[in-house]
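The lines below spell out each chain.
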Amino acid sequence: MAVKTIVPFGDSILRKKAKPVTEMNEKIIKLLDDMADTLYDANGSGLAAPQIGILRRVVVMDCGDGLIELINPEILEMSGEQTGPEACLSYPHHSGVVKRANYVKIKSLNRHGEAFILEGKDYLARCIQHEIDHLNGLLFVDHIKSGYLIYDPARQRVPLMDVLRLTNQGL
């Protein structure tokens, strides 16, 4: 297991759609383990494989109740609405207000290739949607309507268009 480098905003891989995992093997198990190490090292809540430069539909999350591993997750249902601050490991020290569904139900595979259903609400629902967006080349900044991000150390507003220009490089 190893801590991987997190791809920063502006890297074109963050805008690409990840490919499904077609075979469960030692590479996928190692990827899950490395992603968990990276997530915990960065003190994050979620990490998608594209964020470490690997275009596979793999996610790890820990929203406070232990590690969740998702392989080829698919959203089955969404309902309700929540609006709140959101951040991303690929956008260190930046956050923005994002509207998401308050409830989500997904199906996924675990590390043994077994299908399971996961339901989440509130923060877990937000994390699931955020990470599945990464698998589809979408970023939390794509959902921001306010026109700015907050640069957290200085609590300074950063114009969203400046950030989007960086994240769309290479498209």
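Residues numbered from 1 in each chain as written. Predicted model: local features only at pLDDT ≥ 70, side-chain atom pairs only at ≥ 80, totals over all residues. Heavy atoms only, no water.

Enquirer: Any details on the sheet that holds strand 8 (residues 148-151)? Residues and values, ideally.
Expert: Ordered in space as 4-5-8-9, the 4 strands form an open sheet in which the pairing is antiparallel. On the outer flanks of this sheet lie strand 4 (82-87) and strand 9 (156-159), each paired with one strand and no other. For this sheet, the mean inter-axis angle between neighbouring strands, taken without regard to orientation, is 35 degrees. Pairing between strand 8 and strand 9: 4 bridges, direction antiparallel. (Pairing = 2+ DSSP bridges. Helix = DSSP H or I, 4+ residues; strand = E, 2+ residues; numbered from the N terminus. Axes fitted to C-alpha atoms, helices over the stretch in contact; angles between N-to-C directions.)

Enquirer: Break down the pairing of strand 2 (residues 58-61) for me, with residues and values.
Expert: Every second residue of strand 2 is oriented toward a common face, with V58 and V60 on one face and V59 and M61 on the other, all of them buried. Across 3 bridges, the pairing between strand 1 (residues 46-48) and strand 2 is antiparallel. If you follow A48 over to strand 2, its bridge partner there is V59. Both strand 2 and strand 3 (residues 68-79) contribute to a ladder of 4 bridges, which runs antiparallel. Among the inter-strand pairings, V60 is bridged to a residue of strand 3, identified as E69. (Buried < 20%, exposed > 50% of the residue type's maximum accessible area, 1.4 Å probe, protein only.)

Enquirer: Describe in detail the pattern of salt bridges, supporting the description with residues and values.
Expert: Throughout the structure, instances matching the rule amount to 10 salt bridges. Where D142 meets R15, a salt bridge forms, and the shortest distance between an N and an O atom there is 2.7 Å. Pair noted here: D142 is in the loop between helix 2 (123-135) and strand 8 and R15 is in the segment before helix 1 (26-41), with a separation of 127 residues, a long-range link. By relative accessible area, which is 13% here, R15 ends up buried. A salt bridge links E69 to R111, with the shortest nitrogen-to-oxygen separation between them at 2.7 Å. Placement of the pair is E69 in strand 3 and R111 in the loop between strand 6 (103-109) and strand 7 (115-121), with a sequence separation of 42 residues. Ionic contacts of the salt-bridge type, sharing partners, join the residues E86, R100, R126 and D133 into one network. (Salt bridge = Lys/Arg side-chain N within 4 Å of Asp/Glu carboxyl O.)

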